[in-house]
2 protein chains.
Amino acid sequence: MRKDMSKEVGITALKDKDFSEWYTQVVLKAKLADYAPVKGLMVLRPEGYSIWESLKATFDKKFANAGIRNGFLPVLIPESLLGKEKKHFEGFNPEVFWVTHSGTNKIGDRLALRPTSETLAYTMYSKWIQSWRDLPLKINFWNTALRAEIKATKPFLRTSEFLWQEGHTVHATSNEAQDEVLKILEIYKNTVEEELAIPVNIGRKSEKEKFVGAIYTDTIESVMPDGKALQMGTSHFLGQNFSKPFEVKFADKDNVEHYTWQTSWGVSWRLIGAMIMVHGDDQGLVLPPKVAPIQIVIVPIYKNDTEKKEIISKSEEIKHILEQKDIRVHIDVREEFSMGYKFNDWEMKGVPIRMELGPRDMKNNSIMLAKRYNAEKSNLNFEEIDIIPAILNDIQKMMLENAKTRADSMSRHISDYEEFKKEIENGGFFFAPWCESMDCEENIKKETGADIRVIPFNSEDESKKCMYCQKQSKIIPIFARGY
Amino acid sequence: MRKDMSKEVGITALKDKDFSEWYTQVVLKAKLADYAPVKGLMVLRPEGYSIWESLKATFDKKFANAGIRNGFLPVLIPESLLGKEKKHFEGFNPEVFWVTHSGTNKIGDRLALRPTSETLAYTMYSKWIQSWRDLPLKINFWNTALRAEIKATKPFLRTSEFLWQEGHTVHATSNEAQDEVLKILEIYKNTVEEELAIPVNIGRKSEKEKFVGAIYTDTIESVMPDGKALQMGTSHFLGQNFSKPFEVKFADKDNVEHYTWQTSWGVSWRLIGAMIMVHGDDQGLVLPPKVAPIQIVIVPIYKNDTEKKEIISKSEEIKHILEQKDIRVHIDVREEFSMGYKFNDWEMKGVPIRMELGPRDMKNNSIMLAKRYNAEKSNLNFEEIDIIPAILNDIQKMMLENAKTRADSMSRHISDYEEFKKEIENGGFFFAPWCESMDCEENIKKETGADIRVIPFNSEDESKKCMYCQKQSKIIPIFARGY
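Parameters at a glance
Residues numbered from 1 in each chain as written. Chains lettered and ligands numbered in written order. Predicted model: local features only at pLDDT ≥ 70, side-chain atom pairs only at ≥ 80, totals over all residues. Heavy atoms only, no water. Helix = DSSP H or I, 4+ residues; strand = E, 2+ residues; numbered from the N terminus. Buried < 20%, exposed > 50% of the residue type's maximum accessible area, 1.4 Å probe, protein only. Contact = heavy atoms within 4.5 Å. Areas by Shrake-Rupley, 256 points an atom, 1.4 Å probe, with all protein chains shown as cover. Lys, Arg positive; Asp, Glu negative; His and termini not counted. Charge placed at Lys NZ, Arg CZ, Asp CG, Glu CD. Buried area = accessible area lost by both parts, 1.4 Å probe. Salt bridge = Lys/Arg side-chain N within 4 Å of Asp/Glu carboxyl O. Polar contact = N/O pair within 3.5 Å; in protein donor to acceptor, adjacent residues only side chain to side chain. Pairing = 2+ DSSP bridges. Axes fitted to C-alpha atoms, helices over the stretch in contact; angles between N-to-C directions. Left-handed = near helix turned anticlockwise from the far one by under 90°. Nonpolar A, V, L, I, M, F, W, Y, C, P; charged D, E, K, R; others polar. Least-squares fit on C-alpha atoms with pLDDT ≥ 70 in both. Phe/Tyr/Trp six-rings, centres within 6.5 Å; stacked < 30°, edge-to-face > 60°. Lys NZ or Arg CZ within 6 Å of the ring centre and 35° of its normal. Core = buried A, V, L, I, M, F, W, Y, C linked by side-chain atoms within 4.5 Å. Disulfide = S-S within 2.5 Å. Arc of directions from axis to C-beta.

### Structural notes on the overall build of chain A
Phase 1: Scanning chain A from N- to C-terminus turns up 14 helices and 23 strands.
Phase 2: Dimensions of chain A, computed from C-alpha atoms along their principal axes, come out at roughly 80 × 55 × 50 Å.
Phase 3: Taken over 483 residues, chain A has a buried fraction of 59%.
Phase 4: Partitioning the contacts of chain A with sequence separation of at least 6, the portion at a separation of at least 24 is 67%.
Phase 5: Per element, the accessible surface of chain A, about 19900 Å² overall, is 48% carbon and sulfur.
Phase 6: A distance of 2 Å separates the average location of the 68 positive side-chain charges in chain A from that of its 72 negative side-chain charges.

Structure below.
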């Protein structure tokens, strides 16, 4: 019954040659996700969902420490409510899914599937907040957002429904709200770097690129291996743009009524897409240890029942020791597959460490250890098992270091527009001076396809002239083509 | 700035007198949930959502131990897919919300908001399952279901969108699938009894009451304080009813293709509704310690700054000790509220233990401890703090015991139909012999409003005659009016 399916099930596209096809193959063949029957929609299989669960657990802990609690909002928003903040409505209107009937009954005020929940959350908040005692109010919602995508589906990156969290906080003062915007952005940055081993650029969106309805949007952006930029998370200062139409007001200690100051912020499952792109290779997925559902797979190798008994028993002993150290271990006892198939399978699935244990290893009192991220192999004495947590930490650290090195190599300063036009074809992040005029920004977009992805904090520099119009520039944003 | 709002914010309806109004007040005033702007929809506030999170964590642990992993399914199902299993479709059709447009574009095949995900899950499963190696496949989905409710909204009990989990498993044999149905039902029973302290009756639904599309439905049912029955969770044996139309097939070891055997099962946030109804009292919510977001609230009492400093410091010391024992503790330091307000507030919110710490307690080296569920007060010496976990366990146990006693007092055996017609007006569970004819079942429903809620396992008894038609009866189901 053994079957070597390594050829048919392996990744057949090369990451460097056909990035897009490579990405899709990794997603599907590592069983992270699959296409749903409706165009634009995606199903998450357990291998993929467990990564989301791991991120969720980390965020939940950090949100709780920041005094943020979780709640639930329904998916349906009446059209009249969605239209209450005009710019916001215009921004989302073309992408909204509309419910018009329940059973055979026509619904009067059409219902939108939430593209985001500001309007619904703040309708509730206006009921819940009366006085300064009720502030700050900080609630996060783990749900999905629905925005009809017309372009081809790209799992995790472009789907009409996506898993995300949206946080909505309300404050008595503008300063407190703006502090919250930054506090969240820091949580996003730390989590993406520490858990997913992806370096990010942190800063502000331009006026053109900000969230519709926000005063300003702060963002974290990363460069992908194909040179395109991916927005990894955003944190919006809404000012009083929503509190006024939605009447989110509070009576202060002096009993005078004020409008509140608000923030909203979110990250989505596109973080998983980024992780696949940044770390994956021609063999498939490479998982950072912290989010890997299985951190270590043990593959027992034996030729007869005596060997089998002894080796499986030793594998279970090692598993037990490692699980005591909170390491997630799996023993691959499948007899219907060849060793070659098993090795390829676990490599494709990106498990950080593979351990092989055969008769010779038993004799040497050691185990063969293969690191997924750099294909390094070494023998580890049974007595050295205790250093495994340190090895996993080291892998996590090195994956971030390597990703940083690659991101740096894809980022450069530039000030000549002709050179920029040529270089942008190869992709990457371009730090280029800009005069802050939306005309220049739009012309650059039109002529090169590049957006201002982020204006890094502390990027003030008055020594340069705008790359496009040669007028005085005060800041150096990052330009790139985006996903 | 102190304000005694105990009157205006307290529960004003009596549980015994106006159960429905009492229930709604508890939900709203304990800030568990609120009505959304769309009729029939509900928002969950952090106090309510954290109970759901606690249940979710328990189920996740038990599901994982049973080899079940989580996944994600989108909310939209094409009409053509939903119609593939005919009875199933007819069952849900009147309640389906239909999406007909995205932006201004009309959608060809209308999209249903999932009333349940069998059809979508099994479309995917038919792609994922090829051989016996892929079985069993056991995936659970934490999502919401949408079913348009025409009757008045009742938070947690009757809403057009509700939080739930739906599990879908696939097996090579009928026996294995049926074992899974029971294994899940046991998990449901244990969790509801151990976490929510609600006793359940376990058994099978009648043909009339089973899930549309199932071979049979197993269920857990509880009697509520108003005498009505609440379905607490169901586990369905689907047989091959879905695997045939959806072509969920596998090649066995002999390479012959077979249709699979399937199960589906779910519990929803109505469990929270049951918890409110079963344990709440005229002061408000009463939370079983295991699911209480705050298990112990410490209220420091002081008259001057010297006392304040000493007492807050002692409160923090006690909090620290208890947190080391994984107990969730909150110190209420709000100065804007009176003691009376605070006591009422925490009682309304159902926190299992309130501790009061004032100057006299400090002098006596003790703390005043008030149990929410029975209003019992006692003094606890500072040195006895270690017994707090045992006290919480005892509260949990006693709440289940009390609920069992009340449920027993509301359950009786009956065989005279005239007596039944009279008694059903007072509510309760009635164990009554039945001939297994759907005619009798329907007539009883028509004449009394009572359904067969559950046919308890091992309820075979051939000594009785059908309560309705006097023909031979072999089983004793439970009849009751339901929610």
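### Topic: the interface of chain B and chain A
Phase 1: Contacts between chain B and chain A engage 60 residues on the former and 59 residues on the latter.
Phase 2: Approximately 5100 Å² of surface area, both sides summed, lies buried where chain B meets chain A, with 64% of it carried by carbon and sulfur atoms.
Phase 3: When residues of chain B are sorted by the area they lose upon contact with chain A, Phe72(B), Trp128(B) and Arg133(B) head the list and together hold 14% of the total.
Phase 4: At the junction of chain B and chain A, the tally comes to four salt bridges.
Phase 5: On the surface where chain B and chain A come into contact, there are 19 residue pairs in polar contact (both at pLDDT 80 or more).
Phase 6: The sheet contact formed by strand E5 (residues 97-102) of chain A and strand E5 (residues 97-102) of chain B spans five bridges and is antiparallel.

### Details of the packing of helix H2 (residues 19-29) of chain A against helix H8 (residues 270-279) of chain A
All names here are of chain A.
Phase 1: Relative to each other, H2 and H8 sit at 115°, their axes nearing to 11 Å. Seen from above, H2 lies across H8 with right-handed handedness. Here H2 contributes Phe19, Trp22, Tyr23, Val26 and Val27 to the contact with H8, which in turn contributes Gly273, Ile276 and Met277.
Phase 2: Taken together, the residues that form the contact of H2 with H8 break down as seven nonpolar, one polar and no charged.

### Considerations on the sheet that holds strand E16 (residues 329-331) of chain B
Residues and elements named next belong to chain B.
Phase 1: The five strands lie next to each other as E16-E15-E17-E18-E19, forming an open sheet whose pairing is mixed. The strands lining the two open edges of the sheet, one partner per strand, are E16 and strand E19 (377-381). Looking at each pair of strands side by side, their axes are set apart by 25° on average, direction ignored.
Phase 2: Pairing of strand E17 (residues 353-357) with strand E18 (residues 366-371), which is carried by four bridges, proceeds in the antiparallel orientation. Paired with Met355 across the two strands is Leu369, which belongs to E18.

### Considering the relation of the copies chain B and chain A
There are two copies of the chain, and a rotation about an axis plus a shift along that axis relates them.
Phase 1: At an RMSD of 0.0 Å, chain B and chain A line up after a rotation of 180° and a shift of 0.0 Å along the axis. Read as a symmetry element, the transformation amounts to a two-fold axis. In terms of C-alpha distance to the rotation axis, chain B has Val99(B) as its closest residue, with the C-alpha 2.1 Å off the axis.
Phase 2: Counting the interface residues of chain B, we find that 98% of their copies in chain A are interface residues as well, pointing to one common contact surface.

### Regarding the packing of aromatic side chains
Aromatic ring pairs are reported here in terms of the distance separating the ring centres and the angle at which the planes meet.
Phase 1: Following the criterion strictly, the structure yields 41 aromatic pairs over all chains and no others.
Phase 2: Ring centres of Tyr125(A) and Trp128(A) lie 6.0 Å apart, and the angle between their planes is 40°; this geometry places the pair in the tilted category. Within this pair, Tyr125(A) and its partner Trp128(A) are both found in helix H6 (residues 118-128), separated by three residues, close to a single helical turn.
Phase 3: You can call Trp128(A) buried: its relative accessible area is 9%.
Phase 4: Ring geometry for Trp52(B) and Trp142(B): centres 5.8 Å apart, planes at 85°, overall edge-to-face. Of this pair, Trp52(B) sits in helix H3 (residues 46-65) while Trp142(B) sits in strand E7 (residues 137-146), and the two are 90 residues apart along the sequence.
Phase 5: Through successive ring pairs, a cluster of aromatic residues spans Tyr122(A), Tyr125(A), Trp128(A), Phe242(A) and Phe246(A).
Phase 6: In this structure, Lys228(A) is placed above the aromatic ring of Tyr483(A), and the distance from its NZ or CZ to the ring centre is 4.8 Å.

### Side note on the nonpolar core
Phase 1: Counting 84 residues, the largest nonpolar core has Leu76(A), Leu113(A), Tyr125(A), Leu76(B), Leu113(B) and Tyr125(B) as its most contacted members.
Phase 2: When near neighbours in sequence (up to four residues on either side) are disregarded, Tyr125(B) contacts Leu137(B), Ile139(B), Phe141(B), His168(B), Val170(B), Val248(B) and Gln262(B).

### Points about the pairing of strand E10 (residues 216-223) of chain A
All names here are of chain A.
Phase 1: Most of E10 is tucked away, with eight of its eight residues classed as buried.
Phase 2: Neither face of E10 is open: one carries Tyr216, Asp218, Ile220 and Ser222, the other Thr217, Thr219, Glu221 and Val223, and all of them are buried.
Phase 3: Pairing analysis gives four bridges linking strand E9 (residues 201-204) to E10, with the strands arranged antiparallel. Paired with Ile202 across the bridge in E10 is Ile220.

### A short note on the environment of Pro46(B)
Phase 1: Within the fold, Pro46(B) resides in helix H3.
Phase 2: For Pro46(B), a relative accessible area of 12% gives the class buried.
Phase 3: Residues Pro46(B) and Tyr302(B), spaced 256 residues apart in sequence, show a C-alpha to C-alpha distance of 30 Å.
Phase 4: Apart from the residues within four sequence positions on either side, Pro46(B) is in contact with Arg69(A), Asn70(A) and Ile139(A).

### What to know about the sheet that holds strand E3 (residues 69-71) of chain B
Phase 1: The sheet built from 11 strands is open, its strands ordered E3-E7-E8-E14-E11-E10-E9-E22-E23-E21-E20 (chain B) with mixed pairing. Bordering the open sheet on either side are E3 and strand E20 (411-413) of chain B, each of which pairs with just one other strand. Averaged over all adjacent pairs, the angle separating strand axes in this sheet is 30°, with direction ignored.
Phase 2: Against the sheet, helix H3 (residues 46-65) of chain A engages E3 and E7 of chain B, with an angle of about 85° to E3(B).

### Some thoughts on the side chain of Thr116(B)
Residue and element names in this part refer to chain B.
Phase 1: Within the element layout of this structure, Thr116 appears in the loop between strand E6 (105-113) and helix H6 (118-128).
Phase 2: In this structure the side chain of Thr116 is engaged in a polar contact, spanning 2.6 Å, whose partner is the side chain of Glu118.
Phase 3: Excluding anything up to four places from it in sequence, Thr116 contacts Ile77, His88, Phe92, Arg147, Trp164, Glu166 and Phe211.

### Focus: the packing of H3(B) against helix H7 (residues 174-196) of chain B
All names here are of chain B.
Phase 1: Orientation of H3 relative to H7, taken along the N-to-C sense of each, is 140°, at an axis distance of 11 Å. Relative to H7, H3 is oriented so that their crossing is right-handed. Residue-level inspection shows Leu55, Thr58, Phe59, Lys62 and Phe63 of H3 in contact with H7, the latter providing Ile187, Tyr188, Asn190, Thr191, Glu194, Glu195 and Leu196.
Phase 2: When the residues that make up the contact of H3 with H7 are grouped by side-chain class, the tally is six nonpolar, three polar and three charged.

### Remarks on H6(A)
Phase 1: Counting buried positions over the 11 residues of H6(A) gives nine, a clear majority of the element.
Phase 2: Those residues of H6(A) that sit buried are Glu118(A), Thr119(A), Leu120(A), Ala121(A), Tyr122(A), Thr123(A), Met124(A), Tyr125(A) and Trp128(A).

### Remarks on the environment of Ile296(A)
Residues and elements named next belong to chain A.
Phase 1: When you line up the elements, Ile296 lands in strand E15 (residues 296-300).
Phase 2: On the basis of relative accessible area, Ile296 is assigned to the buried category, the value being 0%.
Phase 3: It is 41 Å that separates the C-alpha atoms of Ile296 and Ile452, two residues lying 156 residues apart in sequence.

### Digging into the state of the cysteines
All names here are of chain B.
Phase 1: Under the counting rule described, the total for this entry stands at zero disulfides over all chains.
Phase 2: Cys466 forms no disulfide, and the closest cysteine sulfur to it belongs to Cys469, at a distance of 3.7 Å.
Phase 3: Look at Cys466 and you get buried, because its relative accessible area is 0%.
Phase 4: With no disulfide of its own, Cys469 lies closest to Cys435 among cysteine sulfurs, the gap being 3.6 Å.

### Description of helix H14 (residues 438-448) of chain A
Residue and element names in this part refer to chain A.
Phase 1: Taken residue by residue, H14 has Cys440, Glu441, Ile444 and Thr448 as its buried positions. Mapping the buried residues of H14 onto a view down its axis gives an arc of 100°, with all of them on the same face. In H14, the exposed positions that point more than 90 degrees away from the buried face belong to Asp439 and Lys446.
Phase 2: At its buried positions, H14 is contacted by helix H13 (417-423), strand E22 (451-456) and strand E23 (478-480).
Phase 3: Where H14 starts, the residue carrying a side-chain oxygen 3.2 Å from the main-chain nitrogen of Asp439 turns out to be Ser437.
Phase 4: Residue Gly449 follows H14 closely and has a positive phi angle near 80°.

Purely geometric stuff here, so don't read any function into it on its own.
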